[in-house]
Amino acid sequence: MIAPVDVTNIRIETDRLILRPWQESDLADFNEYAKVDGVGQMCGWTPHKSMEESRTILEMFIGEKKTLALELKETGKVIGSIGLEEREETLDVPENYRGREIGYVLSKDYWGRGLMPEAVKAVINYCFRRLDYDYLTCGHFLWNDQSRRVVEKCGFQYIKDIIHQTRFGTQEPTKLYILENVCKHITAPFDVTAHRIETERLVLRPLQEDDLQEYHKIVTTPEIADMSGWLCSPSLEETRKRLQKDISRKETFAVTLKENGAMVGTFSLQARFWEDYPIDHTLHGREFGYDLMKPYWGRGLMPEAVKAVTAYCFETLGFDFVTCGYFLRNARSARVVEKCGFAYLFESSCKMETGVTERIPTYILYRSR
């Protein structure tokens, strides 16, 4: 199934590139590389013969809203493009899977620098994490070894040979590849609005807009922000936007005290990009994330919540596993994970909202069979 796409508001940054919608002011840069012999033929079109031809195609890019310009960060120059195209081919994927085909071109002056794999990987990441695609395809003409190397570096798997009809009337033998969003299907389905969990001292219920004041206390506490990797909210209005975003994701509980209903923290069952997790990709689960207001630290409330949510995930929701990670320097979260019986899985590093790169050990707990 062809997935919808609109690149109007998409902006993706890599180490060396900015991927963004095309603009009329890109015309000269576009024509500069599109008129060079040997560039367009890689993708099935002939070199542009005039500025007007480039203008017509640029207007098509802008109007169709499916092609991104590749801007080189250091100069601001546009040096290529990546499109999310339609490919009407029979694929061995479920009928309800949604995806598109990645097509790309790069100025001849910048070949051999690893820029296209960098760009393609970034688009894959965006399509799988943000657009929720189930798969992407990519093809290259039989003789195009440069594109073949890009496809292989980006993890695509060969599926079949096809014949591609080019824009200048030729038929090119083409190898077609696919990359499935395996990680999406590891994430177990979950909608917090349908669930409520009780423990001896707590009630976990869906986060709601009435929680704004208590939520604001959490996101403005420096010690909590420091151990979560985000910046303290600068205002109540910014907190409101953040709360609304969390509510819309439908994965976060408000942690409340049973005795008086006061909100004391949050608990999320988060989707993750599971590609780097050394787990069986036929299993299904989610990752825990939680925060607790400072006055309630040291009372055993979070281990109580974690144990209850774990049991609910396994016994009611049928998850195969749950994971939990924390900053290596976070001794409190380490004790929670230890008390709840999680086993060490792996360690990774991640650059946080604060700009600091944190080492994150991740732990896992499997459902008993």
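Predicted, not measured: the structure shown is a model, and the values here were computed from it. (Residues numbered from 1 in each chain as written. Predicted model: local features only at pLDDT ≥ 70, side-chain atom pairs only at ≥ 80, totals over all residues. Heavy atoms only, no water.)

Visitor: Mind showing me how you'd approach the pattern of salt bridges here?
Guide: Pairing between side chains becomes possible if they bear opposite charge and their charged atoms approach one another. The full count for this structure, using the stated rule, is 29 salt bridges. A salt bridge links Glu118 to Arg16; its shortest N-O distance comes to 2.8 Å. With a gap of 102 residues between them, Glu118 in helix H3 (residues 115–129) and Arg16 in the loop between strand S1 (12–13) and strand S2 (17–21) connect regions that are remote in the sequence. In this structure Glu118 comes out as buried when scored by relative accessible area, which is 18%. For Arg16, a relative accessible area of 33% translates into the label partly exposed. Measuring nitrogen to oxygen at the nearest pair gives 3.5 Å for the salt bridge that ties Arg286 to Glu251. Of this pair, Arg286 sits in strand S13 (residues 285–292) while Glu251 sits in the loop between helix H8 (236–249) and strand S11 (252–257), and the two are 35 residues apart along the sequence. Within this structure, Arg11, Glu13 and Lys73 form a network of salt bridges that share partners. (Salt bridge = Lys/Arg side-chain N within 4 Å of Asp/Glu carboxyl O. Helix = DSSP H or I, 4+ residues; strand = E, 2+ residues; numbered from the N terminus. Buried < 20%, exposed > 50% of the residue type's maximum accessible area, 1.4 Å probe, protein only.)

Visitor: So what exactly am I meant to see when it comes to the packing of aromatic side chains here?
Guide: Within a pair of aromatic rings, the relevant descriptors are the distance that separates the centres and the angle that separates the planes. Here the structure, examined in full by the defined rule, presents 15 aromatic pairs. Taking 5.0 Å as the distance between ring centres and 70 degrees as the angle between the ring planes, the aromatic pair formed by Phe267 and Phe288 counts as edge-to-face. On the criterion of sequence distance, the pair formed by Phe267 in strand S12 (residues 263–270) and Phe288 in strand S13 is long-range, its members being 21 residues apart. As far as the burial class goes, Phe267 and Phe288 line up, both buried. Among the aromatic residues, those joined into a cluster by ring pairs are Trp22, Phe30, Tyr33 and Phe61. Just above the ring of Trp230 sits the side chain of Arg242; from NZ or CZ to the centre is 4.3 Å. (Phe/Tyr/Trp six-rings, centres within 6.5 Å; stacked < 30°, edge-to-face > 60°. Lys NZ or Arg CZ within 6 Å of the ring centre and 35° of its normal.)

Visitor: Would you mind going over the nonpolar core with me for this structure?
Guide: Taken as a class, soluble globular proteins show a tendency for nonpolar side chains to be buried jointly. The biggest cluster of nonpolar side chains holds 47 residues, and the ones touching the most others in it are Phe267, Leu269, Phe288, Tyr290, Val306 and Phe342. Looking at which element gives the most residues to this core, the answer is helix H9 (residues 301–315), with nine residues. With residues near it in sequence (within four places) discarded, Tyr290 still touches Thr266, Phe267, Met302, Val306, Cys324, Ser333, Val336 and Val337. (Core = buried A, V, L, I, M, F, W, Y, C linked by side-chain atoms within 4.5 Å. Contact = heavy atoms within 4.5 Å.)

Visitor: I would appreciate a short explanation of the sheet that holds strand S8 (residues 171–180) in the present structure.
Guide: Pairing between the strands of a sheet comes from backbone hydrogen bonds, and it takes one of two forms, parallel or antiparallel. The mixed open sheet is built from eight strands, whose spatial order is S1-S2-S3-S4-S5-S6-S8-S7. Sheet topology places S1 and strand S7 (157–165) at the edges, where each strand pairs with a single neighbour. By the bridge criterion, eight bridges tie S7 to S8 in an arrangement that is antiparallel. Bridging from a neighbouring strand, Asp161 pairs with Lys175 of S8. (Pairing = 2+ DSSP bridges.)

Visitor: Sorry if this is basic, but what is going on with the side chain of His140 here?
Guide: One can find His140 in strand S6 (residues 135–141). Using a relative accessible area of 4% as the deciding quantity, one classes His140 as buried. A distance of 2.9 Å separates polar atoms of two side chains, one belonging to His140 and the other to Tyr177. Residues within four places of His140 in sequence aside, it is in contact with Ser147, Arg148, Val151, Pro173, Thr174, Lys175 and Tyr177. (Polar contact = N/O pair within 3.5 Å; in protein donor to acceptor, adjacent residues only side chain to side chain.)

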